[in-house]
Amino acid sequence: MEAEIINLGLPILLFLMAAAFFAGLIDSMAGGGGLISIPALMVAGIPPHLALGTNKFMSSTGTSVAFFTYARNKMVVWRVAGIGIAFSLAGSALGAKTALHLNNEVLGKVILFLLPVAALLTFMPPRRHNPRENMDSACLYLLTPLVCLGIGFYDGFFGPGTGSFMLMALNMALGLGLVQASGTAKAFNLASNLSSLAVFLLSGKVLFMAALPMAGANIAGNFIGARLALRYGAALIRKALLLSLALLFATLLWRYYM
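The rules behind the values
Residues numbered from 1 in each chain as written. Predicted model: local features only at pLDDT ≥ 70, side-chain atom pairs only at ≥ 80, totals over all residues. Heavy atoms only, no water. Helix = DSSP H or I, 4+ residues; strand = E, 2+ residues; numbered from the N terminus. Contact = heavy atoms within 4.5 Å. Polar contact = N/O pair within 3.5 Å; in protein donor to acceptor, adjacent residues only side chain to side chain. Salt bridge = Lys/Arg side-chain N within 4 Å of Asp/Glu carboxyl O. Buried < 20%, exposed > 50% of the residue type's maximum accessible area, 1.4 Å probe, protein only. Axes fitted to C-alpha atoms, helices over the stretch in contact; angles between N-to-C directions. Left-handed = near helix turned anticlockwise from the far one by under 90°. Nonpolar A, V, L, I, M, F, W, Y, C, P; charged D, E, K, R; others polar. Core = buried A, V, L, I, M, F, W, Y, C linked by side-chain atoms within 4.5 Å. pLDDT = per-residue confidence, 0-100.

## Observations regarding the environment of Thr 162
Positionally, Thr 162 belongs in helix H8 (residues 162-172). A sequence separation of 26 residues divides Thr 162 from Phe 188, and the C-alpha atoms of the two residues are 9.7 Å apart. Every residue in contact with Thr 162, bar those within four places of it in the chain, is listed here: Ile 151, Tyr 154, Asp 155 and Asn 189. Side chain to side chain, Thr 162 and Asp 155 meet in a polar contact 3.1 Å long.

Structure follows, in structure tokens:
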């Protein structure tokens, strides 16, 4: 397996841990942490398949912490979550398998295309939307599976911005309030993360040498970022994310197209 033959030096590991910490910081404040961690893994010379699987391992830890926090505070709408989780699992597994069927060169170029698209959607200002008090059956039993299947596929195939996309979909399409939409989105996000992670693990596409320290750094970044967001807001962090993303994107562009 590729995960068994790649060795990373200490400078590369420290770079990846710093990227994971910054990704957690970004994710907790503005969303889109994968926009930093995935290109950082690829800049470090890790092949795209391994980069996606390793990032999925790392992001699953942060999503788990966030989900249990929301659930503990009763901010997950279980009536919606119970219907959509199976579709998130299926969509994510299908997305991950699709990614694995592309060769590294093609997948690298696809990721390069998706990065600016995901960044653009992540940074779009949220629209104000008044949640409906009652959810009709069409929304619950038709829109929920469609939203979860589609966004689950994207999460398994690529991932960055999934939480933001799911939150917007639950708020605008299903009419959930923003806090409940955020909590319920974490339930779907965790399900899709674990599903695609299982696919990558079974295919040997998780580089544990990087995944384990990155997971720890990512949790620390989420922890600190949540507190910074309460004090300073996310505007400054969004600007830092844009600068970092531009540098990483330029490096990947040179690697795959020059």
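## Describing the pattern of salt bridges
One pass over the full model with this rule turns up one salt bridge. Of the charged contacts in the structure, one is a salt bridge between Asp 155 and Lys 56, with a shortest N-O distance of 2.9 Å. Note that Asp 155 is positioned in helix H7 (residues 137-157) and Lys 56 in helix H4 (residues 48-72), a separation of 99 residues in sequence. Accessibility expressed as a relative area gives 2% for Asp 155, which makes it buried. Residue Lys 56 is classed as buried on the basis of its relative accessible area, which comes to 3%.

## Quick word on the packing of H4 against helix H9 (residues 178-202)
Two numbers describe how H4 lies on H9: the axes approach to 8 Å, and their chain directions differ by 145°. Every pair of crossing elements has a handedness; the one defined by H4 and H9 is left-handed. Where H4 approaches H9, its residues His 49, Leu 52, Gly 53, Lys 56, Phe 57, Ser 59, Ser 60, Thr 63, Ser 64, Ala 66, Phe 67 and Tyr 70 are matched on the opposing element by Val 179, Ser 182, Gly 183, Lys 186, Ala 187, Asn 189, Leu 190, Asn 193, Leu 194, Ser 196, Leu 197 and Phe 200. When its residues are assigned to classes, the contact of H4 with H9 shows eleven nonpolar, eleven polar and two charged.

## Describing unusual backbone geometry
Positive phi, close to 55°, is recorded for Lys 74, a residue that is not glycine. Checked against the element boundaries, Lys 74 lands in the loop between H4 and helix H5 (78-100).

## Topic: the nonpolar core
Membership of the largest hydrophobic core comes to 58 residues, with the highest contact counts inside it found for Leu 8, Leu 16, Ile 46, Leu 52, Ile 111, Phe 158 and Leu 170. At eight residues, the largest contribution of residues to this core is made by H9. Ignoring sequence-local partners within four residues, the contact set of Leu 16 consists of Leu 8, Ala 40, Leu 41, Ala 44, Ile 46, Ala 210 and Met 214. Counting seven residues, the second largest nonpolar core, distinct from the first, contains Ala 19, Ala 23, Leu 25 and Ile 26.

## Things to note about the side chain of Thr 184
The topology assignment puts Thr 184 in helix H9. Using a relative accessible area of 0% as the deciding quantity, one classes Thr 184 as buried. At 2.8 Å, the side chain of Thr 184 forms a polar contact with the backbone oxygen of Gln 180. Ignoring sequence-local partners within four residues, the contact set of Thr 184 consists of Met 75, Val 76, Val 77, Val 80, Ala 81, Leu 170 and Leu 176.

## Notes on the confidence of the model for the protein
Within the protein, residue pLDDT values average 80, and 78% of them lie at 70 or more. At the low end of the mean pLDDT range in the protein sits helix H1 (residues 2-5), at 48; at the high end sits H5, at 93.

## Examining the environment of Ala 81
Among the structural elements, Ala 81 can be located in helix H5. Along the sequence, Ala 81 and Cys 148 sit 67 residues apart, while their C-alpha atoms lie 9.6 Å from each other. In contact with Ala 81, not counting residues within four places along its chain, are Val 76, Thr 184, Ala 187 and Phe 188.

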